[in-house]
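Chain by chain, the residues:
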Amino acid sequence: MFTSINPYSQKRIKTYRPDSTSAIERKLKQADRAFADWSALSLSERTDYLRKVGQYLTANKQRYGELITAEMGKTLKEAVGEVEKCAATCTFYADHAEAFLADQSIQSDRTDGPAEKSFVTYQPLGAVLAIMPWNFPFWQVMRFAIPGLIAGNVGLLKHAPNVFGCSLAIEEAFRECGLPTGVFQSLLVDVPVVEELLKDKRVKAVTLTGSGRAGSSVASIAGREIKKSVLELGGSDALIVLADADLDKAAEVAVKSRMQNAGQSCIAAKRFIIEKSVKKAFTERVLHQINQIRQGDPLDETTTMGPMARLDLADSIERQYRQTLAKGAKRLTVGEREGCNVQPMLLDNVKPGMAAFDEETFGPLAVLIDAKDETDAIRLANQSDFGLGSAIWTQDLDKAERLARQIQAGSVFINGLMRSDARVPFGGIKTSGFGRELSEAGIKEFVNMKTIWVDRS
Ligand SMILES: O=CCCC(=O)O
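Values in this document were obtained by computation on a predicted structure and should not be read as measured data.

Brief notes about the overall build of the protein
Move 1: Scanning the protein from N- to C-terminus turns up 15 helices and 22 strands.
Move 2: In terms of overall size, the protein behaves like a compact globule, its C-alpha atoms giving a radius of gyration of 23 Å where 457 residues would be expected to give roughly 23 Å.
Move 3: Expressed as a percentage of the 457 residues in the protein, the buried residues total 56%.
Move 4: Element-wise, carbon and sulfur atoms account for 50% of the exposed surface of the protein, whose accessible area totals about 19,400 Å².

This is the structure:
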C-alpha cells in the first residue's frame with residue numbers, strides 16, 4: 001500500500017492500493033489501442049483537446065493547488081502558480097505545435113542526386129512511460145504530457161508515491177476534457193515494476209525526471225531494450241556574482257531561486273560563487289533576504305516557505321549541512337529543524353570536497369563560495385559533476401555572454417532567475433541528464449523524424 005502524508009501536519013491523507021498485475025496489463029492494452037486512434041487524429045484535433053485541458057486546469061487551479069500543498073508541502077501560492085504554468089503551457093503548445101511539427105522540406109540543388117523532392121515528417125512513437133518526481137507534481141508531468149500527447153503519443157505515468165493524489169488528478173483532468181480512454185493513464189506502481197514496463201513491447205520510450213541513481217538505472221534498461229530515453233536529473237547550479245553586479249537584485253533573486261519550493265528544485269541556485277571584492281556586501285544582502293522568509297502553514301497566504309516534502313528528505317539535507325560544517329564551512333544562520341520544517345540555512349567558506357559543493361542539495365541550504373576573479377568563478381562553476389542550469393550577475397552584458405559560453409550547463413541565465421519556460425529548451429549535460437523538454441526541442445524528442453525521399457519513377 002502507498003500512503004500519502006501531509007508533510008506539515010504529518011497526518012495521513014490517503015492510502016492507495018498498488019495496481020495489480022492485471023490492472024497494469026489492462027492499462028497497457030488500453031494505451032496500445034488508444035494510440036492507434038489518437039495518432040490518427042489531425043494535429044489540430046489534438047491541439048483542441050489540449051487547449052481544453054489548459055482551460056480546465058485554470059478553472060480548477062485552486063482545488064489542484066490545495067492537493068499539491070497537502071501532498072508535498074509547497075505554499076498554496078506556489079502550488080496554484082504551478083497549475084497556472086501547466087495551463088499556460090497547454091496554450092503555448094496549442095498555438096505552436098503546428099509550426100513545430102510541420103513537414104520540413106529539404107532543398108536540393110539536384111546536382112548530387114536524383115530526388116524530385118525530399119522532406120522530413122514527424123510522427124509519434126506510441127506509449128511513452130513518464131517517471132516523475134514529487135517536487136513539481138503537476139508541472140513535471142505536464143511538461144512532458146502536453147507536447148507528447150499533441151505529437152500523437154499516449155502517456156503512462158508512474159508518479160512518486162507521495163503524490164499519487166496528484167497523479168490521479170492529472171488523469172482526471174485529461175478524462176474530464178474528453179481525451180479518449182487510454183491516452184493518458186496513471187499507474188499506481190513502485191520502482192520494481194518499471195523494469196517490467198520498460199521491457200514491454202507496447203512501451204516505446206521513457207522520460208524520467210529524478211535522481212541520478214534512478215536515471216542511470218532507467219537509462220540502462222532503456223538502452224538494453226533499445227528504447228529512446230530523456231533524462232532530467234539533478235543539478236548543483238552555480239550562481240555567479242561578479243564585482244559589477246547589481247547586488248540588491250542579485251541577492252533577492254539568489255535567495256528566491258534557492259529557497260522557493262523549500263529548496264526542492266533541480267534548477268535552484270545551489271552554489272553562490274562570489275567575486276571576493278563584493279562578498280561581504282552580497283552576504284549582508286543575502287542574510288537580509290533570508291530573514292524575510294516566513295515559514296509556517298503552507299495554506300496560510302502569509303507563509304512564504306512551506307515544509308520539506310518528507311522526513312527522509314529533511315534528514316538528507318541535515319546530513320549534508322552537518323558534513324559541510326564538519327569540513328570547515330562557517331554557519332551564518334541558526335538552521336533549526338522540526339520534522340519536515342527546516343529553517344533556511346546559509347553556509348560560508350564552502351569549497352570543493354565538501355558535501356554542499358560536490359553533491360546536489362535538495363532543501364533550503366544556500367552556500368557561499370569565494371572566487372578570486374571571473375576566471376576562477378567559471379572554474380568553480382564547472383567543477384561539478386552536474387550541468388543543469390546556472391546564472392551570472394554582472395552589468396557588463398558582453399562579458400556575461402562571453403562567460404555564459406564557457407559554463408558547462410544546459411542553460412545560463414544572465415541577471416535573472418533560473419527557471420523553466422515553455423518557450424526555451426530545458427535540460428542538462430554531464431550527470432544532469434540528456435535530451436530536452438519544452439519548446440520545439442521538447443516536442444521533437446518523442447517522434448520519428450522520418451525522411452521521405454521521392455525519386456522520379
Ligand atoms: O525540479 C526541477 C524543475 C524546476 C522547474 O521546472 O522550474
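Side note on the site of the ligand
Move 1: In the vicinity of the ligand, the residues found are Asn-135, Phe-136, Trp-139, Gln-140, Arg-143, Ser-265, Cys-266, Ile-267 and Ser-420.
Move 2: One nitrogen or oxygen atom from the side chain of Ser-420 is found 2.5 Å from an oxygen atom belonging to the ligand.
Move 3: Isolated, the ligand exposes 240 Å² of accessible area, and the fraction of that covered by the protein chains is 94%.
Move 4: Comparing atom positions with the cavity grids shows the ligand to sit within the second largest pocket.
Move 5: Tallied by class, residues from the shell around the ligand come to four nonpolar, four polar and one charged.
Move 6: Domain assignment of the residues forming the shell around the ligand places at least three in each of domain 1 (2–233 + 432–454) and domain 2 (238–414).

Topic: the environment of Pro-364
Move 1: Counting through the fold element by element, Pro-364 comes out in the loop between helix 12 (355–358) and strand 16 (365–371).
Move 2: Taking the C-alpha atoms as reference points, Pro-364 and Tyr-56, separated by 308 residues in sequence, lie 33 Å from one another.
Move 3: With near-sequence residues (within four places) excluded, Pro-364 lies in contact with Met-259, Ala-262, Gly-263, Met-305, Met-308, Val-342, Gln-343, Pro-344 and Met-345.

A word on the pattern of salt bridges
Move 1: Applying the stated criterion across every chain yields a total of 29 salt bridges.
Move 2: Taking the shortest distance from any N to any O, the salt bridge between Glu-25 and Arg-202 comes out at 2.8 Å. Here the residue Glu-25 occupies a position in helix 1 (residues 21–40), and Arg-202 occupies one in the loop between helix 7 (191–199) and strand 8 (203–209), the gap between them amounting to 177 residues.
Move 3: In this structure Arg-202 comes out as buried when scored by relative accessible area, which is 18%.
Move 4: Its salt-bridge partner being Asp-348, residue Lys-279 comes within 2.8 Å of it at the nearest N-O pair. Separated by 69 residues along the polypeptide, Lys-279 in helix 10 (residues 279–291) and Asp-348 in strand 15 (residues 345–348) bring together distant segments of the chain.
Move 5: One salt-bridge network, in which partners are shared between bridges, spans Glu-25, Lys-29, Asp-200 and Arg-202.

Quick notes on the side chain of Thr-361
Move 1: Note on placement: Thr-361 falls in the loop between helix 12 and strand 16.
Move 2: In this structure the side chain of Thr-361 is engaged in a polar contact, spanning 2.9 Å, whose partner is the side chain of Arg-258.
Move 3: When neighbours within four sequence positions are excluded, Thr-361 is seen to be in contact with Arg-258, Gly-263, Lys-270, Ile-317, Gln-320 and Ala-356.

Some words on empty space enclosed by the protein
Move 1: Inspection of the entire model under this criterion finds two cavities of 30 Å³ or more.
Move 2: By volume, the largest cavity amounts to about 100 Å³.
Move 3: Taken together, 14 residues line the largest cavity, and the ones lying closest to its centre are Phe-144, Pro-147, Gly-442, Glu-445 and Phe-446.
Move 4: Take the lining of the largest cavity: its biggest share by element is four residues, from helix 5 (residues 139–150).
Move 5: Here the residues of the lining of the largest cavity sort into six nonpolar, four polar and four charged.
Move 6: What lines the second largest cavity is a set of 15 residues, among which Arg-271, Ala-381, Phe-386, Gly-389 and Gln-408 lie closest to the centre.
Move 7: Taken together, the elements giving at least two residues each to the lining of the second largest cavity come down to strand 10 (237–241), helix 13 (374–382) and strand 17 (386–387).

Criteria and thresholds
- Residues numbered from 1 in each chain as written.
- Predicted model: local features only at pLDDT ≥ 70, side-chain atom pairs only at ≥ 80, totals over all residues.
- Heavy atoms only, no water.
- Helix = DSSP H or I, 4+ residues; strand = E, 2+ residues; numbered from the N terminus.
- Rg over C-alpha atoms; globule rule 2.2 N^0.38 Å.
- Buried < 20%, exposed > 50% of the residue type's maximum accessible area, 1.4 Å probe, protein only.
- Areas by Shrake-Rupley, 256 points an atom, 1.4 Å probe, with all protein chains shown as cover.
- Near = heavy atom within 4 Å.
- Polar contact = N/O pair within 3.5 Å; in protein donor to acceptor, adjacent residues only side chain to side chain.
- 1 Å grid on protein atoms, 1.4 Å probe; cavity = no way out; pocket = protein on both sides within 12 Å on 5 of 7 lines; lining within 4 Å.
- Sits in = over half its atoms within 2 Å of the grid points.
- Nonpolar A, V, L, I, M, F, W, Y, C, P; charged D, E, K, R; others polar.
- Domains from an automatic or database assignment.
- Contact = heavy atoms within 4.5 Å.
- Salt bridge = Lys/Arg side-chain N within 4 Å of Asp/Glu carboxyl O.
- Points joined across faces, edges and corners; volume = space filled by probe spheres on them.

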